[in-house]
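One-letter residues, chain by chain:
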Amino acid sequence: MSGQAEKFKIGLFVVAGSLLGIGVVIWLGASRYFEDWATAVAYFTESVQGLEADSPVKFRGVPVGRVRAIRMAPDGRLIEVVLRLNRSFKITGDLGIKMNLLGLTGMKYLEIDTFGADQTREDVHLTFEPRYPVIPTYPSNIKEFGNALENLFQKVKNVDTEQISYHLLRVTAKL
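Since the model is a prediction, treat every value here as computed from it, not as a measurement. (Residues numbered from 1 in each chain as written. Predicted model: local features only at pLDDT ≥ 70, side-chain atom pairs only at ≥ 80, totals over all residues. Heavy atoms only, no water.)

Quick word on the overall build of the protein
For step 1, the next point in the chain: Within the protein one finds three helices and six strands.
For step 2, the next point in the chain: Starting at the N terminus and walking to the C terminus, you meet the elements of the protein as α-β-β-β-β-β-β-α-α.
For step 3, the next point in the chain: Compactness check: the protein gives a C-alpha radius of gyration of 28 Å against a globular reference of 16 Å for 175 residues, more than 25% above the reference.
For step 4, the next point in the chain: Across the 175 residues that make up the protein, the buried fraction comes to 29%.
For step 5, the next point in the chain: For the protein, the proportion of contacts with a sequence separation of at least 24, taken over those separated by at least 6, is 59%.
For step 6, the next point in the chain: Here the protein contributes 21 positively and 19 negatively charged side chains, and the mean placements of these two sets differ by 4 Å. (Helix = DSSP H or I, 4+ residues; strand = E, 2+ residues; numbered from the N terminus. Rg over C-alpha atoms; globule rule 2.2 N^0.38 Å. Buried < 20%, exposed > 50% of the residue type's maximum accessible area, 1.4 Å probe, protein only. Contact = heavy atoms within 4.5 Å. Lys, Arg positive; Asp, Glu negative; His and termini not counted. Charge placed at Lys NZ, Arg CZ, Asp CG, Glu CD.)

Next up, the structure:
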């Protein structure tokens, strides 16, 4: 009889431990939903491929929130990125946001910082009333690099190779 009592106690201990473990996992997972968050939104004109829901949002490298949702804006032209930011993070008028690469994987995150007057914001004209405070967007480093390459290619394309070769031949003939 004591063998069955021992088995019952062990079984009860395993079931109670499993239920407690499941409860702790659920509590830890749900605790994120009870944190105090502020919601803001950013509108991008460029591709946001590589940016996903739950991607980090950082202020000068320090995590201050996460991407909550990515969807088409009501105007059907812009990409609306809804942000969940720590309540202690203050959204001010001098802040801007842009995408950055998260390592070499192609994944992206959002970087919030203060931007100078020499940096150009993305040209975003809203034809609708946003539901949340808007953080202005700036072109990503990837887009700026692409634009610089395009400018370089245009300059190379505009080089007059015929005149250069003509003058080069004249100079070598004189030498």
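Examining the environment of His125
For step 1, the next point in the chain: Structurally, His125 can be placed in the loop between β6 (108-114) and α2 (141-157).
For step 2, the next point in the chain: His125 sits in the exposed class, given a relative accessible area of 59%.
For step 3, the next point in the chain: Considered as a pair, His125 and Leu78 are 47 residues apart in the sequence and their alpha carbons are 9.3 Å apart.

Quick notes on the nonpolar core
For step 1, the next point in the chain: Formed by 19 residues in total, the largest nonpolar core has its most connected members in Phe44, Leu83, Leu85 and Leu110.
For step 2, the next point in the chain: Only β1 (37-44), β3 (62-72), β4 (79-86), β5 (95-101) and β6 provide two or more residues apiece to this core.
For step 3, the next point in the chain: In terms of residues, this core owes the most to one element, β4, which gives four residues.
For step 4, the next point in the chain: In this view, Leu85 contacts Asp36, Trp37, Ala38, Ala40, Val57, Val64, Gly65, Ile91, Ile112 and Ile135; residues no more than four positions away in its chain are not counted.
For step 5, the next point in the chain: Listed in part, the seven residues of the second largest apolar core include Val41, Tyr43, Ala69 and Phe128. (Core = buried A, V, L, I, M, F, W, Y, C linked by side-chain atoms within 4.5 Å.)

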